[in-house]
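# Residue-level structural notes
Single-letter residue listing:
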Amino acid sequence: MKARYPNLELIEYKFKQFVFSEGEGILKNTCFPTFRADVFIQTWADTATGFNLKSGFAGQALTDEYTTVIEMRWRVYTDDDKRKWRDCDDVIYGVFFGNELAYVFINPKEQFFEDLKNRKMLAQREAMGTYDSLDGEAKQTKIDGE
């Protein structure tokens, strides 16, 4: 089955909605968010692609699905008058399989970047234990339905 091209505008919209609803503490003084998307195709062993269904049915057939990794960098205001700003050190990454958000990490481990370089991102369940942030804080974000 041929994979459908991802809708990048929809993906950016969903990512923004998720980040700004989940990350109020981090992003309340945010200005100038910038996004970069990296899109590639992955082949999965079943029709659930990268979502590792806990229950339900997935057909046992090789399935191609587009993976989109979206990167968000931003600047934050440093004064109350909102005249001064600085680049934020943290970077947020979201991984989509098709047009659906699978997981989000802030400052993931080096393994994330190796897998991105090799165009082989982990499925949702495996990613949660492998790509955790470097500083040891619980900065991974679980998506509903996991």
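See the structure shown above.
Residues numbered from 1 in each chain as written. Predicted model: local features only at pLDDT ≥ 70, side-chain atom pairs only at ≥ 80, totals over all residues. Heavy atoms only, no water.

## Points about the nonpolar core
Inclusion rule: Side-chain atoms within 4.5 Å link the members of a nonpolar core, which is a set of buried Ala, Val, Leu, Ile, Met, Phe, Trp, Tyr and Cys residues. We call a residue buried when its accessible area falls under 20% of the maximum for its residue type, exposed when it is over 50%, and partly exposed in between, using a 1.4 Å probe and counting protein chains only. Helical segments are the DSSP runs of H or I of at least four residues, strand segments are the runs of E of at least two, and each set is numbered from the N terminus.
In terms of nonpolar packing, the biggest core is built from 18 residues, with Val 69, Val 95, Phe 97, Tyr 103, Phe 112, Met 121 and Tyr 131 touching the most fellow members. Elements that contribute at least two residues to this core include exactly β1 (30–44), β4 (92–97), β5 (100–106), α3 (110–117) and α4 (124–130). Listed in part, the 14 residues of the second largest apolar core include Ile 11, Val 76, Phe 96 and Ile 106.

## Comments concerning α3
Side chains that are three or four residues apart share a direction in an α-helix, a result of its 3.6 residues per turn. The condition that has to hold: It is the directions from the helix axis to the C-beta atoms whose arc is reported.
For α3, the full list of buried residues reads Phe 112, Asp 115 and Leu 116. Along the long axis of α3, the arc covered by the buried residues comes to 100 degrees, so they all point the same way. Across α3 from its buried face, at more than 90 degrees, point the exposed residues Glu 110 and Lys 117. Of the residues trailing α3, Arg 119 is marked for its positive phi of about 60 degrees.

## Focus on the pattern of salt bridges
Heads up, the rule is: Think of a salt bridge as a Lys or Arg side-chain nitrogen and an Asp or Glu carboxyl oxygen that are within 4 Å of each other.
Within this structure, the stated rule accounts for 6 salt bridges. Across the pair Glu 12 and Lys 16 runs a salt bridge whose closest N-O atoms are separated by 3.3 Å. On the criterion of helical spacing, the pair formed by Glu 12 and Lys 16 is a turn pair, its members being 4 residues apart in helix α1 (residues 8–22). Here Lys 117 and Glu 114 are joined by a salt bridge, their closest N and O atoms 3.8 Å apart. Taken as a pair, Lys 117 and Glu 114 lie in helix α3 at a separation of 3 residues, close to a single helical turn. According to the relative accessible area criterion, Glu 114 is partly exposed, its value standing at 31%.

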